[in-house]
Amino acid sequence: MREPEIELLCSQLASYYVFPDTAAEIATVLRTRLAEGAYADATDDEEFAARVTKDLQSVNGDKHLRLLYSEAEVPDNGEQFAFDMVAYQKEAEQDAFGITKIERLEGNIGLLKLRMLHDAEIATPAVTAAMNLIAHTDALIIDLRDNVGGDPNTVALICSYLFDERFHLNDIYDRPQDKTEQYWTLPHVPGPKFGGKKPIYVLTSSRTFSAAEELSYNLQQTKRATLIGETTRGGAHPGSRYRVGPHLKSAVPNGRSINPISGTNWEAVGVVPHIAVPADEAFEVAYEKALKA
């Protein structure tokens, strides 16, 4: 029987999902599917999570809304959030805080490849060091083709090195708190900036997701960068994770991004690049343009 997990998940949707009316629709789908026996023959939690995720996304296609299988046991500590900060910090350290490559290419072109935008609380020293290293290059290529997202505060930190003056980058409405938080470039950053005048090229793919899309969208809307590659995956609803079972946790979006320039976001449609090319060709196109610039 999967009724306890489904009912807990429906309760989490009702309490936290950013669109309450849609949450009710999704809960109806889950309960209907449960009654139909759609989950009865799921052989294990991993298969159950995959089936439920498909149904969670069937109403409005929200790619952030998922039921996740966890090989490690999700502790039942009485807290609403299923997040282990100690384990996450170790994971971020082993991931080099998401910085896959930083390089000065021939022609004094900077290359910064990021696969994750880890929490600014722990990633700021590494991100700062990376941005300082490419500060004096003549053009910059930021490779987000394999980046699956992260922290909007880290997005703001990176952007702070790419402008000469303060910019209003993004707003995020939070449903549980019923408030909107503004994200701006920081007034001061450690070390030298790349600055607001030299050319920037951002590489995107159909895998680029969430906060990596925000970084792309921010730089596009402010006309600070040229985006090259593929339309991104289309996820603009940040959220939190909640315990559903010993090896199950939900990812429930409780917020939505609102760009101060466009008044909207990239949810479901993705960020459309200025120059559309297959992702595996994007670097060559950007590097050629950077050399000419």
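If you're wondering where the values come from, they're calculated on a predicted model, not measured in any experiment. (Residues numbered from 1 in each chain as written. Predicted model: local features only at pLDDT ≥ 70, side-chain atom pairs only at ≥ 80, totals over all residues. Heavy atoms only, no water.)

**Student:** Before we move on, could you go through unusual backbone geometry and cite the residues and values that matter?
**Tutor:** Unusually for a residue other than glycine, Asp178 sits at a positive phi of about 50°. Structurally, Asp178 can be placed in the loop between β5 (168–174) and β6 (179–184). One non-glycine residue with positive phi stands out, namely Ser210, at about 60°. Its place among the elements puts Ser210 in the loop between β7 (200–204) and α7 (211–221). (Helix = DSSP H or I, 4+ residues; strand = E, 2+ residues; numbered from the N terminus.)

**Student:** Let's hear about the environment of His274: which residues, and what values?
**Tutor:** As for its placement among the helices and strands, His274 is situated in the loop between β11 (255–258) and β12 (275–276). The spatial distance from the C-alpha of His274 to the C-alpha of Asp55 is 34 Å, given a sequence separation of 219 residues. A distance of 2.8 Å separates the side chain of His274 from the backbone nitrogen of Leu227, its partner in a polar contact. (Polar contact = N/O pair within 3.5 Å; in protein donor to acceptor, adjacent residues only side chain to side chain.)

**Student:** Account for the sheet that holds β11, with residues named and values stated.
**Tutor:** Pairing is antiparallel in the open sheet, where three strands are placed in the order β6-β5-β11. Lying at the two open borders of the sheet, with one neighbouring strand each, are β6 and β11. For this sheet, the mean inter-axis angle between neighbouring strands, taken without regard to orientation, is 25°. Bridge count for β5 against β6 is six bridges, and the pairing is antiparallel. Within β6, the residue paired with Asp174 across the bridge is Lys179. (Pairing = 2+ DSSP bridges. Axes fitted to C-alpha atoms, helices over the stretch in contact; angles between N-to-C directions.)

**Student:** So what about the nonpolar core? Which residues, and what values?
**Tutor:** Where a protein is soluble and globular, its nonpolar side chains tend to be buried together. Grouped together as the largest cluster of nonpolar side chains are 39 residues, with contacts concentrated most on Ile142, Leu162 and Leu219. Those elements giving two or more residues to this core turn out to be α4 (85–94), β3 (109–114), α5 (120–133), β4 (139–143), α6 (152–160), β7 and α7. Those residues in contact with Leu219 that lie beyond four places of it in its chain are Ile142, Cys159, Leu162, Phe163, Val202, Arg224 and Ala225. By size, the runner-up hydrophobic cluster in this structure holds 25 residues, among which are Ala42, Leu56, Leu65 and Val244. (Core = buried A, V, L, I, M, F, W, Y, C linked by side-chain atoms within 4.5 Å. Buried < 20%, exposed > 50% of the residue type's maximum accessible area, 1.4 Å probe, protein only. Contact = heavy atoms within 4.5 Å.)

**Student:** Quick one: what's the story with the side chain of Arg224, residue by residue and with numbers?
**Tutor:** Relative to the helices and strands, Arg224 is located in the loop between α7 and β8 (226–229). Here the side chain of Arg224 touches Leu162 through a polar contact of 2.7 Å, landing on its backbone oxygen. With residues near it in sequence (within four places) discarded, Arg224 still touches Leu162, Phe163, Phe194, Gly195, Gly196, Lys197, Lys198, Ile200 and Leu219.

**Student:** Residues and numbers for the pairing of β3, please.
**Tutor:** Within β3, six of the six residues are buried, which leaves it mostly tucked inside the rest of the structure. Here β3 shows two buried faces, one formed by Ile109, Leu111 and Lys113 and the other by Gly110, Leu112 and Leu114. Between strand β2 (residues 99–105) and β3, which follow one another and run antiparallel, lie three residues, and Gly107 among them has a positive phi close to 95°. Taken together, the five bridges between β3 and β4 define a ladder with parallel strand orientation.

**Student:** Explain the environment of Asp76 to me, using residue names and the numbers behind them.
**Tutor:** Here Asp76 is to be found in the loop between β1 (66–69) and α4. Since its relative accessible area comes to 61%, Asp76 is described here as exposed. Asp76 sits 170 residues away from Pro246 along the chain, and the two C-alpha atoms are 7.6 Å apart.

**Student:** Can you lay out the sheet that holds β4 for me, pointing to particular residues and giving the numbers?
**Tutor:** Reading across from one edge, β2-β3-β4-β7-β8-β12 is the order of the six strands in this open sheet, with mixed pairing throughout. At either end of the open sheet lies a strand with only one pairing partner, and these are β2 and β12. Direction of pairing for β8 relative to β12: parallel, over a ladder of two bridges. Bridging across to β12, Gly229 finds its partner in Ala276. Sitting on the sheet, helix α8 (residues 282–292) touches β2, β3, β4, β7, β8 and β12, and the angle it makes with β7 is about 175°.

**Student:** Give me the pairing of β5: which residues, what numbers.
**Tutor:** Counting buried residues along β5, seven of its seven residues qualify, which places the element largely inside the surrounding structure. Where β5 folds back on β6, the antiparallel hairpin that results is connected by four residues, among which Asp178 adopts a positive phi of roughly 50°. Where β5 lies against β11, four bridges are found, and the strand directions are antiparallel. Each residue of the ladder has a partner; that of Ile172, found in β11, is Ser257.

**Student:** Give a detailed account of α4, specifying residues and quantitative values.
**Tutor:** The opening residue of α4, the one whose side-chain oxygen lies 3.1 Å from the backbone nitrogen of Val86, is Asp84. Once α4 finishes, Ala96 follows within two positions and takes phi at roughly 55°, a positive value.

**Student:** Outline helix α2 (residues 20–35), supporting the account with residue identities and numerical values.
**Tutor:** With 16 residues, α2 should reach 22 Å at 1.5 Å per residue; the first-to-last C-alpha distance of 23 Å fits that figure. Those residues of α2 lying buried are Thr22, Ala23, Ile26, Ala27 and Leu30. Down the axis of α2, the smallest arc covering the buried residues is 140°, so these residues share one side. Exposed residues lying more than 90 degrees from the buried face of α2 are Asp21 and Ala35. Buried residues along α2 sit against α1 (3–16) and α3 (45–56). (Expected span 1.5 Å × (residues − 1). Arc of directions from axis to C-beta.)

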